[in-house]
Amino acid sequence: MGNPGMEELIPLVNRLQDALNEVGQSCSLHLPQIAVVGGQSAGKSSVLENFVGRDFLPRGSGVVTRRPLILQLLNSNTEYGEFFHCKGKKFTDFDEIRKEIESETRRLTGSNKGISPVPISLRIYSPHVLNLTLVDLPGITKVPVGDQPADIEYQIRDIIMQYICKENCLILAVTPANTDLANSDALKLAKDVDPQGQRTIGVITKLDLMDKGTDAREILENRLLPLRRGYVGVVNRSQKDIDGKKDITAALESERKFFLSHSAYKHMAERMGTPHLQRILNQQLTNHIRDTLPSFRGHLQSQLLALNKEAEEYRQYSPDDPARRTKTLLQLVQRLAVDFEKLIEGSGDKIDTVSLSGGARINKIFHERFPYELVKIKSDERKLRREINYAIRNIHGVRTGLFTPDMAFETIVKKQISSIKGPCIKFVDMVSQELITTVYHCISKLSCFPKLRDETERIIITEIREQESKCRDQAMLLIDIQIAYINTKHEDFVGFTNSQQVPNQSTAKAVARIAGNQGGAHPSRLIVIRKGWLTITNIGIMKGGAKEYWFILSAESLSWFKDNEEKEKKYMLPLDNLKLRDVEKGFMSSKFVFAIFNTELRNVYKDYKCLELACNTQEELDSWKASLLRAGVYPERVAVDGQGNGPEKFIDPQLERQVEIIRNLVDSYMSIIYKTIRDLMPKTIMHLMINNVKEFISSELLAQLYALGECSALMDESPEQQQHREEVLRKHSALKEALAVIGDISTSTCTTPLPPPVDSSWIQPPSSSFPKNTVAGGKPVIRDHAPPVPHTRPRAFPDSFQQLTSQQNRAATNVPRRQPPAIPNVK
């Protein structure tokens, strides 16, 4: 015997579930749980059995259900049961299912009425059920029996609360008709988690066992002790009927006759009995499904729209058609050329907001990394003066020269220019690597065709290496050209006449700062070069650790503030005589650190000789170093011989004057060279490498692929792509089927409105104060609790139904847990 009330919904929901199973995990229809709550021997298990339509739960007096039974109903063509603890074993005899439940209960709780919160999971496959979950819970008891603990009432309450607190759980509060309904523990627990009564249905059992002359008419009519969803009366099989093997079909017929023949209930017989309870639960399932349909339909439609274009392409795609393969090859190469150009030129459709890529990284190499590499190779003052000294003396030989030899100037300048080759080669390598990274990013879209991807990668990388070699040769040529002819007539060159009048850097800055204090500062001095967060790591050790500040770097100073509002300035550090050096990364630190110090060994900040600043990433560190270079703060130079830091002192005053002249000339001419190289190298790389590679991909790549003579083999799909194409087509078809089923459900079912609120204040909330759980001696007894359960305080119902329904999804707060009664000290 099945549940006839489900028969109308089963075909539609099964079609929808089948379609959603094809779509995958991203779409699933969650049907609600149905939990049965009540006291011992209230008839909870019988209600569940009637709902399922089979006799399979343990029977008896006292505590029979001693562990929660999670019953998953799954629609299937055959009917059998399967336990989670006996995977793979199918139970086709429902008497065996009952025996297994009893055996598994005894295994964990013993045979003397003990309980356990560990659930028994049972799946029943049947053609007469929907996919939903039923929960049979232990009956609420007051007095412990057997080996039950003294706080058995509260342990059972905790077990029940774990299930009925879920928002998608429909609560069947079962109360026998021969007890006082006003003191129903089932209704009290239900009101704890469902104060508005939106998911609680009262079930009155044992109507046939009431004393003669009494009835539950006013209760079932919802006039006495009302509930929002009202009550349903049922008549279950007696223990005598069960022992006599009376089946559920006959029991339902007896129930119907009882209500039709009873003078107090015959006027509402159609609203009583197990069939009516089934209809209410079925309508609740229908309401739940219909309530979720609008958002569910929108979710499915958005997925369908996302797949439409791809599915249409795959539907028309014929993998073995030569013409189709040729067309696809052409389209893929054209798309590759467009994607590569967009990444380089910075006009891509999808802009990366997380990190730099493509042309932006190359731009950073052009204007930050390369200038920094040039500055690093500048030799220190002591070494330069020593080389000039040796050059002058070697040119004069045994004679004492009266004039400054220009040959010494050319020798030093050519050596300085030659040292630029290293940074230029490194510059070419960095740009080449970025181009290769960009190519890898673009050809990843060819992963559907492994051979095409591999050949495309090989051809493009080969072309990049060829252009890299040409670019490296051109860079060497540029430097050799500069070495070939030293142009002392350059308009920016100071010349021998003015070489003794060139002020040093610190003097120039001092003059500029004096002018600024007098109101004549150059506008460029006020320009902010960089702003950002940095952590000062070496001055906060005594104050609890490093601290982060907001730094502002200008052409004159480095200032830091408490935060980025820039209202509370902590300090302003002038940039005169400052240099920076790298600091090794700490063993446990994830920061990247550099230090600023004064070349004249003065304190940089208060009593500190240096200021250690930390960034979060290497990229930030490089960017701050480049910004400090723009402000004139250069990296530290290490002396070759490690002796002293000041300029070398000469005994001969005339030789010292000649060294100073040539040093100024070298500085002037090398500044011209650096400026020229910084300008020409990016242009050279752009012309010979980047533009040529772009042109090659857009015009030559396709021809080289055709020249391989294996165009058909290149377009062989990978197994993953074949599977993906089939998956897309199957998912697209399933989405269309699911939307069609949703349309059928919308037209063939209707929603029953939620009943209006009623005054349920007659259900007394549990008392908030209980005696503490103690034993003799005053020591507290500690017991394990189930997880906390949601709860809202009793409150008056709002006058407006709209106000009430707007609160139905509001999350509940935690319920204060009842304290168990004192446990007597048994000696």
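Residues numbered from 1 in each chain as written. Predicted model: local features only at pLDDT ≥ 70, side-chain atom pairs only at ≥ 80, totals over all residues. Heavy atoms only, no water.

**Here we look at the packing of aromatic side chains**
Where we set the bar: Between 30 and 60 degrees the pair is tilted, below 30 it is stacked and above 60 it is edge-to-face, where a pair is any two Phe, Tyr or Trp rings, Trp via its six-membered ring, whose centres lie within 6.5 Å. Elements are defined by DSSP. Helices are runs of H or I of four residues or more, strands are runs of E of two residues or more, and each kind is numbered from the N terminus. Whether a residue is buried, partly exposed or exposed follows from its accessible area with a 1.4 Å probe, protein chains only, as a fraction of its type maximum: under 20%, in between, or over 50%, in that order. We call a charge positioned over a ring when the NZ of a Lys or the CZ of an Arg lies within 6 Å of the ring centre and within 35 degrees of the ring normal.
For the structure shown, the criterion picks out 15 aromatic pairs. Seen from their ring centres, Tyr571 and Tyr605 are 4.8 Å apart, and the 80° between their planes marks the pair as edge-to-face. Taken together, the residues span a long stretch of sequence, with Tyr571 in strand 12 (residues 569-574) and Tyr605 in the loop between strand 14 (592-598) and strand 15 (610-615) at a distance of 34 residues. Relative accessible area serves as the criterion here: at 29%, Tyr571 is assigned to the partly exposed category. Within the aromatic cluster, the residues linked to one another by ring pairs are Phe551, Trp560, Tyr571 and Tyr605. The ring of Tyr80 has Lys90 lying over it, and the distance from NZ or CZ to the ring centre is 4.7 Å. Directly above the aromatic system of Phe597 lies the positively charged group of Arg581, at a separation of 4.5 Å from the ring centroid.

**Quick notes on the pairing of strand 9 (residues 528-536)**
How we decide: A strand pair is defined by DSSP finding two or more bridges across the two strands.
Note: strand 9 against strand 10 (residues 547-554), eight bridges, orientation antiparallel. Bridge assignment links Lys531 to a residue of strand 10, and that residue is Ile552. Where strand 9 meets strand 15, two bridges bridge the pair, whose relative direction is antiparallel. The residue bridging Ile536 from the neighbouring strand is Leu613, located in strand 15.

**A few points about the nonpolar core**
How we decide: Here, the term nonpolar core denotes a set of buried Ala, Val, Leu, Ile, Met, Phe, Trp, Tyr and Cys residues that are joined through side-chain atoms within 4.5 Å.
Among the nonpolar cores identified, the biggest contains 73 residues, and Met681 and Ile685 are the most heavily contacted of them. Of all elements in the fold, only helix 10 (322-345), helix 11 (359-376), helix 12 (381-396), helix 13 (406-418), helix 14 (421-443), helix 15 (450-484), helix 19 (653-699) and helix 20 (701-707) reach the threshold of two or more residues within this core. Ranked by size, the runner-up nonpolar core spans 44 residues in total, among them Ile152, Cys169, Ala177 and Ala269.

**Regarding the environment of Lys342**
Along the chain, Lys342 falls in helix 10. For Lys342, a relative accessible area of 23% gives the class partly exposed. Residues Lys342 and Gly359, spaced 17 residues apart in sequence, show a C-alpha to C-alpha distance of 8.7 Å.

On their own, these measurements won't tell you what the molecule is for.
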